[in-house]
Amino acid sequence: MSRLTGYAAPPKARPGAAAPHQYRLLGKKVLITDEHGRWALMTPAEHKRLLSGLKPSDPLWTSIQARGFVAGAFDFDAAARRQFERGLLSWKGPASHALALDGMTLETARAVVEFVFRCPGPQLTLELVFVDASSVWPVLWFIVQYARRKGEWSRRPVFLIARGAAMTPDQVDFLRSHGVTRAATLALDGAPDMKKAPPFRAQRARAVLLPGAVRPREWAEWFEKWGFESVRLLPSELDAEGASRFGAFHGELLDWLVEHAEDTNLRDEWATAFLAGRTWRLPGVDLLEQLAYDARGRVFTSEESAAAGAPVLGEAGELRYQDLAKIEAASAVIAASHADNQPQCSQCAYRSYCTVAPSINQKLQGHYWGLTPDSAACAWQMGILDRFFGRLDDEKWLLLLSKWHVDMG
Amino acid sequence: MKTKKKTTNNAPRAVAPQLLAAPVPKLSSSEASVSLDIKAHGLEPVLGAAYLMMDKAFVSLSGDRTKTIVVGLRAKDPKAVKPKALAAEFLADLETQKVRWAVAKNNLPIREFIAEQAVLIANGTIPAPSPAAAAPEPAAEQLTDDQRAEIEKLISEVEAEIKTMNDKKIATDPKGVKASWEEKQEQEHKA
């Protein structure tokens, strides 16, 4: 289902020629990446030359050496710094905390916010999740106020996101005046009705792609028209068919974004998440990126695991952050999400950009570890990255990425 | 499993990959099996290629991992893929795996050195790349009296907010027309 690519007649790799890298065939191009997020696109003939040993007189030598792919002219200090910065050695704790507010009491909300602020890290994001803001308003109001004060007291930037399906204009005003980003939960079906407004004025869209969703370009225009700044598309079903349908839709949406690179304000959230080159910042990666809390204040490794009801790491009011490391489930999900521990991931060109969240593996395949060749989630994420990296020789795509503050230099 | 002729020389056989004859798979109506000399092909590429087949086939490995391994491939969907195609795909993957493992092994000392240096940076033995990488201390769990007082004030404000919401609800809908069935039942029950 999700596969590494290979040459029909594989070239030979001479010792001391090419620096550590992985490769992937993307159409007529070859993408090579290292484990610290550096990349280069080349032709198969150029890759063959790299593997057999580039000479300094080769026109490719300067650009490839500068990117750290020539073993004989390798900048060890720079590579070590990049490994530190982009690897788990510089991980500071889960940055994103998803709180399910429906049914949560004020007392629980207070305990959860206090637990979130016991987590280390230079900044914290609290994503407040609900169906209708009116049904959780006192708790939402309290968390916004309390988290803002806690942020000031701990002198850490706090990003607040209110994500739901319904919100009144008054609630939108309150959230806007308190610097809370509003994210609308949407389900895309059929073609958009350009005259139909979203349920409330939101900056972000978290859009589930239903099987009937068509005309991605028109949907892009609809998002643009109604003032969305970013969209995160999600497949309704994560199976082979769902991943393929998602790929076609997402590809066309990206085409539209590239065509309107100069004038659109819309951003694809997957691009900014994947291309940041820190796999522990991918949305929903258990514990490394995210912790989730249910209405009872129970702590989970991610929203996905909260939805499944397991594994429970503890109660927000009782659990100590430093005790997380002693929990076997926590160790298991961290080990399972590391590319070096996954046979296919360790050889994948996207290893420094991607990991499948262990709780997704649990949901799809019944165990945290997952079997990547057979994983629809791996195929889905590989497809997203193929679309991003396949466009890296397109100036307009690079312009768009730079507009989104994604540094692919 | 086939037995191999013993060589007179006890030293490991050095077989140049390009001189190897391509392994010939044995095919039955439902399964393909490929016998592979580990010294010639390497253990990691064989295991890697076998792992990659798992989306299409049930893979079995038998034999001695220091000498010869027999890889058995049985299609998960026999109608979709025939044993011959499975074997061809496995052998193509095996060749690719050899390239990938060659790059990995050639660069093992480089990767080890980089990892060591990165750990030294993390330990502070080598200066960190930028001050931004330094982690701030976790927020103090103990709150000051002023902070506690502010939380209490916040909670009383929330309670006032709830009361205002409820009053507003009554003001805009005094007869409770918009009330849900459960709310009406509750009100009647209270009355």
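About the thresholds
- Residues numbered from 1 in each chain as written.
- Chains lettered and ligands numbered in written order.
- Predicted model: local features only at pLDDT ≥ 70, side-chain atom pairs only at ≥ 80, totals over all residues.
- Helix = DSSP H or I, 4+ residues; strand = E, 2+ residues; numbered from the N terminus.
- Buried ≥ 20, exposed ≤ 12 C-beta atoms within 10 Å, placed from the backbone.
- Contact = placed C-beta atoms within 7 Å.
- Nonpolar A, V, L, I, M, F, W, Y, C, P; charged D, E, K, R; others polar.
- Axes fitted to C-alpha atoms, helices over the stretch in contact; angles between N-to-C directions.
- Parallel < 35°, antiparallel > 145°, perpendicular 65-115°, else oblique.
- Left-handed = near helix turned anticlockwise from the far one by under 90°.
- Pairing = 2+ DSSP bridges.
- pLDDT = per-residue confidence, 0-100.
- Core = buried A, V, L, I, M, F, W, Y, C linked by C-beta atoms within 7 Å.
- Expected span 1.5 Å × (residues − 1).
- Right-handed = clockwise from strand over helix to strand, strands pointing away.

## Brief notes about the overall build of chain B
Helix and strand content of chain B: six helices and four strands. Listed N to C, the secondary structure of chain B is β-β-α-α-β-β-α-α-α-α in terms of helices and strands. Taken across its 191 residues, chain B has 18% of its residues classed as buried.

## Side note on the overall build of chain A
A tally of regular secondary structure across chain A gives 14 helices and 13 strands. In terms of overall dimensions, chain A has C-alpha extents of about 70 × 55 × 40 Å along its principal axes. Counting the 409 residues in chain A, one finds 47% classified as buried. Contacts in chain A between residues at least 24 apart in sequence constitute 64% of all its contacts with a sequence separation of at least 6.

## Concerning the environment of A:Leu399
Looking at the element boundaries, A:Leu399 is found in helix α14 (residues 395-403). Remark: the alpha-carbon pair of A:Leu399 and A:Val258, spanning 141 residues in sequence, is separated by 8.7 Å.

## Section: the interface of chain A and chain B
Contact residues are listed per partner, giving 48 residues for chain A and 42 residues for chain B. Looking at the side of chain A that touches chain B, the elements with two or more residues in it are α3 (76-86), α4 (106-118) and α5 (137-154) of chain A. Of all the elements, α5(A) adds the most residues to the side of chain A that touches chain B, at nine residues. The residue makeup of the side of chain A that touches chain B, split by class, is 30 nonpolar, ten polar and eight charged.

## Quick notes on the packing of helix α2 (residues 43-52) of chain B against helix α3 (residues 83-106) of chain B
Residues and elements named next belong to chain B. Put simply, α2 and α3 touch, their axes get as near as 8 Å, and they point 130° apart. As far as their axial angle goes, α3 and α2 are oblique. Where α2 crosses over α3, the handedness of that crossing is right-handed. Every residue of α3 that contacts α2 at Glu 44, Pro 45, Val 46, Gly 48, Ala 49 and Leu 52 is listed here: Phe 90, Asp 93, Leu 94, Gln 97, Lys 98 and Trp 101. Within the contact of α2 with α3, the residues separate by chemical class into seven nonpolar, two polar and three charged.

## A closer look at the sheet that holds strand β3 (residues 57-63) of chain B
All names here are of chain B. Spatial strand order, β1-β2-β4-β3: four strands in an open sheet with antiparallel pairing. At either margin of the open sheet sits one strand with a lone partner, and together these are β1 (26-27) and β3. Lying on the sheet, α2 is in contact with β2 (31-37), β3 and β4 (68-75); it crosses β4 at an angle near 10°.

## Regarding the pairing of β2(B)
Residue and element names in this part refer to chain B. The alternating pattern of β2 places Ala 32, Val 34 and Leu 36 on a buried face and Glu 31, Ser 33, Ser 35 and Asp 37 on a face that is not buried. Pairing analysis gives two bridges linking β1 to β2, with the strands arranged antiparallel. Bridge pairing in β2 links Leu 27 to Ala 32. In sequence, β1 turns back onto β2 through a hairpin of three residues.

## Notes on unusual backbone geometry
Residue and element names in this part refer to chain A. The omega angle of the peptide bond from Ala 310 to Pro 311 is 0°, so this bond is cis rather than trans. Here Pro 311 lies in the loop between α10 (303-308) and β13 (312-315). The phi dihedral of Arg 155 falls on the positive side, at around 55°, and the residue is not glycine. Topologically, Arg 155 is positioned in the loop between α5 and β6 (158-164).

## Examining the confidence of the model for chain B
Averaged over chain B, the pLDDT score is 78; the fraction of residues at 70 or greater is 68%. Confidence drops under a pLDDT of 50 for residues 131-140 of chain B, and excluding neighbours within four residues, the segment shows 15 contacts in the predicted structure.

## Thoughts on the packing of helix α8 (residues 240-259) of chain A against helix α13 (residues 376-389) of chain A
All names here are of chain A. At a closest axis distance of 9 Å, the pairing of α8 and α13 adopts a crossing angle of 15°. Between α8 and α13, the interaxial angle falls into the category roughly parallel. Crossing hand, α8 versus α13: right-handed. For the pair α8 and α13, contact is made by Ala 240, Ala 243, Phe 246, Gly 247, His 250, Gly 251 and Leu 254 and by Ala 376, Ala 379, Trp 380, Gly 383, Ile 384 and Arg 387, respectively. By residue class, the composition of the contact of α8 with α13 is eight nonpolar, four polar and one charged.

## A closer look at the nonpolar core
Counting 138 residues, the largest nonpolar core has A:Leu99, A:Leu101, A:Leu128, A:Leu140, A:Ile143 and A:Phe274 as its most contacted members. Among the elements that line this core, the one with the most residues is α13(A), at ten residues. Counting six residues, the second-largest nonpolar core is a separate cluster that includes A:Ala79, A:Phe84, B:Ile114 and B:Ile121.

## Regarding the sheet that holds strand β2 (residues 29-33) of chain A
Residue and element names in this part refer to chain A. Judged by pairing direction, the sheet is antiparallel, and its three strands sit side by side in the order β1-β2-β3 without closing on themselves. In the strand order of this sheet, the two ends are held by β1 (22-26) and β3 (39-42), each with one partner. Looking at each pair of strands side by side, their axes are set apart by 20° on average, direction ignored.

## As for the environment of A:Gly317
Residue and element names in this part refer to chain A. For Gly 317, the location among the structural elements is in the loop between β13 and α11 (328-336). According to the C-beta neighbour criterion, Gly 317 is partly exposed, with 14 such atoms within 10 Å. Measuring from C-alpha to C-alpha, the distance between Gly 317 and Arg 163 comes to 24 Å, with 154 residues separating the pair along the chain. Here Gly 317 is in contact with Ala 111 and Gly 297, once residues within four sequence places are set aside.

## Brief notes about the environment of A:Leu234
All names here are of chain A. Looking at the secondary structure, you find Leu 234 in strand β9 (residues 230-235). Leu 234 sits in the partly exposed class, given 18 other C-beta atoms within 10 Å. Excluding residues within four positions of it along the chain, Leu 234 makes contact with Arg 206, Ala 207, Val 208 and Leu 209.

## Here we look at α5(A)
Residues and elements named next belong to chain A. With 18 residues, α5 extends 25 Å from end C-alpha to end C-alpha; this agrees with the ideal 26 Å at 1.5 Å per step. Turning to α5, its buried residues are Trp 137, Val 139, Leu 140, Trp 141, Phe 142, Ile 143, Val 144, Tyr 146, Ala 147 and Lys 150. Positioned one or two residues after α5, Arg 155 has a phi angle of 55°, which is positive.

## Re the pairing of strand β7 (residues 180-188) of chain A
Residues and elements named next belong to chain A. Of the strand pairs in this sheet, β6 and β7 are connected by five bridges, and their pairing is parallel. Within the sheet, the bridge partner assigned to Ile 161 lies in β7 and is Thr 181. Considered for its hand, the β-α-β crossover made up of β6, helix α6 (residues 169-177) and β7 is right-handed. Bridge count for β7 against strand β8 (residues 204-209) is six bridges, and the pairing is parallel. Looking at the pairing, Leu 186 lines up with Ala 207 of β8.

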